[in-house]
Amino acid sequence: MKINDVAEYAGVSLATVSRVINGKNVKKETREKVEEAIKKLNYTPNFMASSLQRTKSNMLLIIVPEISNPYYSAILEGVEVTAKSMGYNIILGSSYSSEAQLLDYLTLLNTKLVDGIILMEKIRKDKIMEKIKDENVFKKIVQCSEYIEENELTYVTIDHKKAAYEAVSHLISIGKKDIYLFSMKKDYTYSTLRREGLIEAMRDNGLEFKKENEVLLDELSIKEAQKHMNIILNNREVENIGIFAVSDVIAIGILKALNTKNIKIPQEAAVIGFDNIDFSAVTEPSLTTVSQPGYELGAESVKSLVRKITGECNDPEKIILDHELIVRETTNKFVLK
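Residues numbered from 1 in each chain as written. Predicted model: local features only at pLDDT ≥ 70, side-chain atom pairs only at ≥ 80, totals over all residues. Heavy atoms only, no water.

### Observations regarding the overall build of the protein chain
Here is step 1 of the chain: Check the secondary structure of the protein chain and you find 15 helices and twelve strands.
Here is step 2 of the chain: Its C-alpha atoms give the protein chain a radius of gyration of 26 Å, more than 25% over the compact-globule value 20 Å for 337 residues.
Here is step 3 of the chain: Dimensions of the protein chain, computed from C-alpha atoms along their principal axes, come out at roughly 85 × 35 × 30 Å.
Here is step 4 of the chain: Across the 337 residues of the protein chain, 50% fall into the buried class.
Here is step 5 of the chain: Summarising the internal contacts of the protein chain: among those between residues at least 6 apart in sequence, 74% fall at separations of at least 24.
Here is step 6 of the chain: Surface summary for the protein chain: the accessible area is close to 16800 Å², and the carbon and sulfur share equals 48%.
Here is step 7 of the chain: Charged side chains in the protein chain number 45 positive and 49 negative. The centres of these two groups are separated by 4 Å. (Helix = DSSP H or I, 4+ residues; strand = E, 2+ residues; numbered from the N terminus. Rg over C-alpha atoms; globule rule 2.2 N^0.38 Å. Buried < 20%, exposed > 50% of the residue type's maximum accessible area, 1.4 Å probe, protein only. Contact = heavy atoms within 4.5 Å. Areas by Shrake-Rupley, 256 points an atom, 1.4 Å probe, with all protein chains shown as cover. Lys, Arg positive; Asp, Glu negative; His and termini not counted. Charge placed at Lys NZ, Arg CZ, Asp CG, Glu CD.)

### Details of the nonpolar core
Here is step 1 of the chain: Judged by nonpolar contacts, the single largest core of 73 residues is most densely connected at F182, M229, I243, F244, I250, I254 and L258.
Here is step 2 of the chain: The element best represented in this core is helix α13 (residues 248–260), accounting for eight residues.
Here is step 3 of the chain: Beyond its immediate chain neighbours, meaning those up to four positions away, F182 contacts V215, L217, A225, H228, M229, I232, I243, F244, A245, V246, I250 and I254.
Here is step 4 of the chain: By size, the runner-up hydrophobic cluster in this structure holds 17 residues, among which are I63, V114, I117 and I141. (Core = buried A, V, L, I, M, F, W, Y, C linked by side-chain atoms within 4.5 Å.)

### Points about a nonpolar patch on the surface
Here is step 1 of the chain: A cluster of nonpolar side chains, namely I67, L92 and Y96, defines an oily patch on the protein surface of about 310 Å² accessible area.
Here is step 2 of the chain: Tracing the chain through its elements places I67 in the loop between β1 (59–64) and α5 (71–85).
Here is step 3 of the chain: We classify I67 as partly exposed; its relative accessible area is 45%. (Patch = residues over 30% accessible without salt bridge, like charges linked within 9 Å, V, L, I, M, F, W, Y side chains within 5 Å. Salt bridge = Lys/Arg side-chain N within 4 Å of Asp/Glu carboxyl O.)

### Focus: the packing of aromatic side chains
Centre distance and the angle of the planes are the two values used to describe a pair of aromatic rings.
Here is step 1 of the chain: For the coordinates displayed, the defined rule picks out four aromatic pairs.
Here is step 2 of the chain: Measuring from ring centre to ring centre gives 4.1 Å for Y147 and Y155, while their planes differ by 15°; the resulting arrangement is stacked. Across the pair, exposure class does not vary: Y147 and Y155 are buried alike.
Here is step 3 of the chain: Taking 5.1 Å as the distance between ring centres and 25° as the angle between the ring planes, the aromatic pair formed by Y188 and Y190 counts as stacked. Side by side, Y188 and Y190 carry an identical accessibility label, which is buried. (Phe/Tyr/Trp six-rings, centres within 6.5 Å; stacked < 30°, edge-to-face > 60°.)

### What about α5?
Here is step 1 of the chain: Restricting attention to buried positions, one finds in α5 the residues Y71, Y72, I75, L76, G78, V79, T82 and A83. Taken down its axis, α5 places every buried residue within 160° of arc, on the same side. The exposed set on the far side of α5, more than 90 degrees from its buried face, consists of K84 and S85.
Here is step 2 of the chain: Immediately beyond the C-terminal end of α5, within one or two residues, lies G87, with a positive phi of roughly 85°. (Arc of directions from axis to C-beta.)

### Examining the layout of surface pockets
A water-sized probe, rolled over the atoms, reveals where empty space remains.
Here is step 1 of the chain: Of the volumes computed, that of the largest pocket is approximately 320 Å³.
Here is step 2 of the chain: The wall of the largest pocket is formed by 23 residues, among which N69, Y72, Y188, Y190 and L220 lie closest to the centre.
Here is step 3 of the chain: Mapped by element, the contributors of at least two residues to the lining of the largest pocket are α5 and α11 (189–204).
Here is step 4 of the chain: Here the residues of the lining of the largest pocket sort into nine nonpolar, six polar and eight charged. (1 Å grid on protein atoms, 1.4 Å probe; cavity = no way out; pocket = protein on both sides within 12 Å on 5 of 7 lines; lining within 4 Å. Points joined across faces, edges and corners; volume = space filled by probe spheres on them. Nonpolar A, V, L, I, M, F, W, Y, C, P; charged D, E, K, R; others polar.)

### Quick word on α13
Here is step 1 of the chain: For α13, with 13 residues, the first-to-last C-alpha span of 18 Å sits near the 18 Å given by 1.5 Å per residue.
Here is step 2 of the chain: Here α13 lies mainly inside the structure; ten of its 13 residues are buried.
Here is step 3 of the chain: Its buried side turned inward, α13 meets β6 (178–184), β7 (214–217), α12 (222–235), β8 (241–245), β9 (269–275) and β10 (288–291).
Here is step 4 of the chain: One side-chain oxygen at the N-terminal end of α13 lies 3.1 Å from the backbone nitrogen of V249; it belongs to S247.
Here is step 5 of the chain: Trailing α13 by a residue or two, N262 shows a phi angle of about 60°, which is positive. (Expected span 1.5 Å × (residues − 1). Polar contact = N/O pair within 3.5 Å; in protein donor to acceptor, adjacent residues only side chain to side chain.)

### Brief notes about the state of the cysteines
Here is step 1 of the chain: Tallied over the entire structure, the rule returns zero disulfides.
Here is step 2 of the chain: Summary of cysteine pairing: C144 is not part of a disulfide, and the nearest cysteine sulfur, belonging to C313, is at 17 Å. (Disulfide = S-S within 2.5 Å.)

### Focus: the sheet that holds β8
In sheet architecture, strand pairing relies on hydrogen bonds along the backbone and comes in two forms, parallel and antiparallel.
Here is step 1 of the chain: Sheet architecture is open: six strands sit in the order β7-β6-β8-β9-β10-β12, paired in mixed fashion. For this open sheet the edge positions go to β7 and β12 (324–326), each flanked by a neighbour on one side alone. Looking at each pair of strands side by side, their axes are set apart by 20° on average, direction ignored.
Here is step 2 of the chain: Along the sheet, helix α10 (residues 160–173) makes contact with β6, β8, β9, β10 and β12, crossing β9 at roughly 160°. (Pairing = 2+ DSSP bridges. Axes fitted to C-alpha atoms, helices over the stretch in contact; angles between N-to-C directions.)

### Looking at the pattern of salt bridges
When their charged atoms lie close together, side chains carrying opposite charge are able to pair.
Here is step 1 of the chain: Under the counting rule described, the total for this entry stands at 15 salt bridges.
Here is step 2 of the chain: E149 is the partner of K318 in a salt bridge, and the nearest nitrogen-oxygen pair spans 2.8 Å. Highlighted residues: K318 in strand β11 (residues 318–321) and E149 in the loop between β4 (141–144) and β5 (155–158), separated in sequence by 169 residues.
Here is step 3 of the chain: Residue classification places K318 among the exposed positions, given a relative accessible area of 58%.
Here is step 4 of the chain: We note a salt bridge from K303 to E300, for which the minimum N-O separation is 3.6 Å.

Laid out in structure tokens, this is it:
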């Protein structure tokens, strides 16, 4: 059944049927005729096709590397609540760190199925432009948390380098001079900046970071972190070390390994994570971590994206939100005394 059949049955134009379907202002008598025709003919409007003819879909797409990472939950809440308040709905997509899948999502901008995209994955502008081609369409992408400065797109994030500096300075302040870094093999902006913050904090305290103390993981998982911490514990003497993990998920895996080997925390090994996911407060012992304002990251990303969509602000914005070091039992200086 086609829209033409509905128009013919109701004795009205195609434009009138379209106005009724899309909730536009139509005389009551005419609306009732069209609605009766739709019901009689069992017509189902193709909203996807009709959205291609509209200039706006009032849909925003948010792309995350993997939905399973609990870090994204607060950000997604901020995105959804703020989008709803501004008259938009959201579509959630996961790239699973696949560039091909990420690019497939980005091409939705070309089809007008979405008005803009909040991107939490790292990809260069030239790669995106191969698919999107239109510079004005490209500008309707906002980078959230993870970003590339050279893309000249708006990004909403925290000062990752400063946050890592404060975390590692805290480890040093409780007497930990042998510092380990657990990070990712993949080239993430956040992990690069956090590494820089660690090295700077050590240098400012007269310490040198040892390359052999850097552990790079293939995947962001508790199991992977636990495995690599066990390798260290099986091959080295661990005494009075400090461990900085670029994610709470990684830090939890480290704690599992330390607990299994009966390493005293924080006396023999102090641990700091990053993100302040819900689980970090209930680990044994509770995890010291850097808190990111997840909800605000999501909310500010939506507000900035809507400014791009409406033309209120076409220039790229650099929005840096505050972070906080949350000190818990894994670095409790009172236990050390």
